Amino acid sequence: MSIDAERTGDEVDRIVAAWNTQRPDLDFSPLEVLSRVDRLSRLLDRARRDVFRRSDLETWEWDVLSALRRAGSPFQLSPKQLLQQTLVSSGTMTNRIDRLVGRRLVRREADPDDGRSVLVTLTDDGRLRVDAAITRLVDAEATLLSALSRGDRERIAALLRKLSLSFDA
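An unreviewed UniProt entry lists the protein chain under the name HTH-type transcriptional repressor NicR, from Microbacterium azadirachtae.

Quick look at the structure:
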């Protein structure tokens, strides 16, 4: 690493430079990408936890409530649909719904199309909390990305989408 790179580089640059000195036989370009993704993921996780805490929500509560909010009016989904969106087990989802009902953030309603089934519906309080949280989240994440232009964000999003889709394949 040059003197200029040492001054302008981040911690990953310093780690990779040290490894390049010790193991010049290896290609450290994966570390240059994924170590930064890992570091940014931790920063994002902290920022999100803070946003949800300020909205009096746990991360898991956000997952369920935001799925219901994104469904649009009347803001309801079946437990099976919630499972598909949150990727948790049915037992975990039942427990989460119970806890959200207890906090009066959702309610269970009979499914008018199937009397044996229920729908989970976002309450007014649940909608207010999730709306406040998404506003805070968008603001916090925009701040985290403020060093990037809109074009930079779009390029990074496209590259990350490409990488994500390769894992889904």
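Picking up after the structure, the text goes on.
A.B. asks: Please provide a residue-by-residue account of the packing of aromatic side chains, values included.
C.D. replies: Here a ring pair, both rings aromatic, is described through the centre-centre distance and the interplanar angle of the planes. Within this structure, the stated rule accounts for 2 aromatic pairs. Geometrically, the ring pair formed by W19 and F28 is stacked, given 6.1 Å between the ring centres and 25° between the ring planes. Accessibility expressed as a relative area gives 42% for W19, which makes it partly exposed.

A.B. asks: Which residues make up the sheet that holds strand 3 (residues 114-122), and what are the values?
C.D. replies: Reading across the sheet, the 3 strands line up as 1-3-2 and stay open at both edges, with antiparallel pairing between neighbours. Edge strands, defined here as strands with exactly one partner in the open sheet, are strand 1 (76-77) and strand 2 (106-111). Relative to strand 3, strand 1 runs antiparallel, the two sharing 2 bridges. From the neighbouring strand, Q76 faces strand 3, where its bridge partner is T121.

A.B. asks: Outline the packing of helix 5 (residues 79-86) against helix 6 (residues 90-102), supporting the account with residue identities and numerical values.
C.D. replies: The contact between helix 5 and helix 6 brings their axes to 10 Å, and the two run at 110°. Here helix 6 runs roughly perpendicular to helix 5, going by the angle between their axes. Residues P79, L82, L83 and T86 of helix 5 pack against S90, M93 and I97 of helix 6.

A.B. asks: So what's going on with the layout of surface pockets? Which residues, and what values?
C.D. replies: When its volume is computed, the largest pocket comes out at roughly 990 Å³. Along the walls of the largest pocket sit 25 residues, with V37, L40, L145, I156 and L160 positioned nearest its centre. No other element matches helix 3 (residues 29-54), which puts 10 residues into the lining of the largest pocket.

A.B. asks: Outline the pattern of salt bridges, listing residues and values.
C.D. replies: Summed over the entire model, instances satisfying the criterion amount to 19 salt bridges. Two residues, D25 and R23, come together in a salt bridge whose shortest N-O distance is 2.7 Å. Looking at R23, the relative accessible area reads 35%, which means it is partly exposed. Notably, a salt bridge pairs R129 with D56, separated by 2.8 Å at the nearest N-O pair. Of this pair, R129 sits in helix 7 (residues 124-144) while D56 sits in the loop between helix 3 and helix 4 (59-70); the two residues are 73 residues apart in sequence, bridging distant segments of the chain. A relative accessible area of 43% means that D56 is categorised as partly exposed.

Reading the values: rules and limits
Residues numbered from 1 in each chain as written. Predicted model: local features only at pLDDT ≥ 70, side-chain atom pairs only at ≥ 80, totals over all residues. Heavy atoms only, no water. Phe/Tyr/Trp six-rings, centres within 6.5 Å; stacked < 30°, edge-to-face > 60°. Buried < 20%, exposed > 50% of the residue type's maximum accessible area, 1.4 Å probe, protein only. Pairing = 2+ DSSP bridges. Helix = DSSP H or I, 4+ residues; strand = E, 2+ residues; numbered from the N terminus. Axes fitted to C-alpha atoms, helices over the stretch in contact; angles between N-to-C directions. Parallel < 35°, antiparallel > 145°, perpendicular 65-115°, else oblique. Contact = heavy atoms within 4.5 Å. 1 Å grid on protein atoms, 1.4 Å probe; cavity = no way out; pocket = protein on both sides within 12 Å on 5 of 7 lines; lining within 4 Å. Points joined across faces, edges and corners; volume = space filled by probe spheres on them. Salt bridge = Lys/Arg side-chain N within 4 Å of Asp/Glu carboxyl O.

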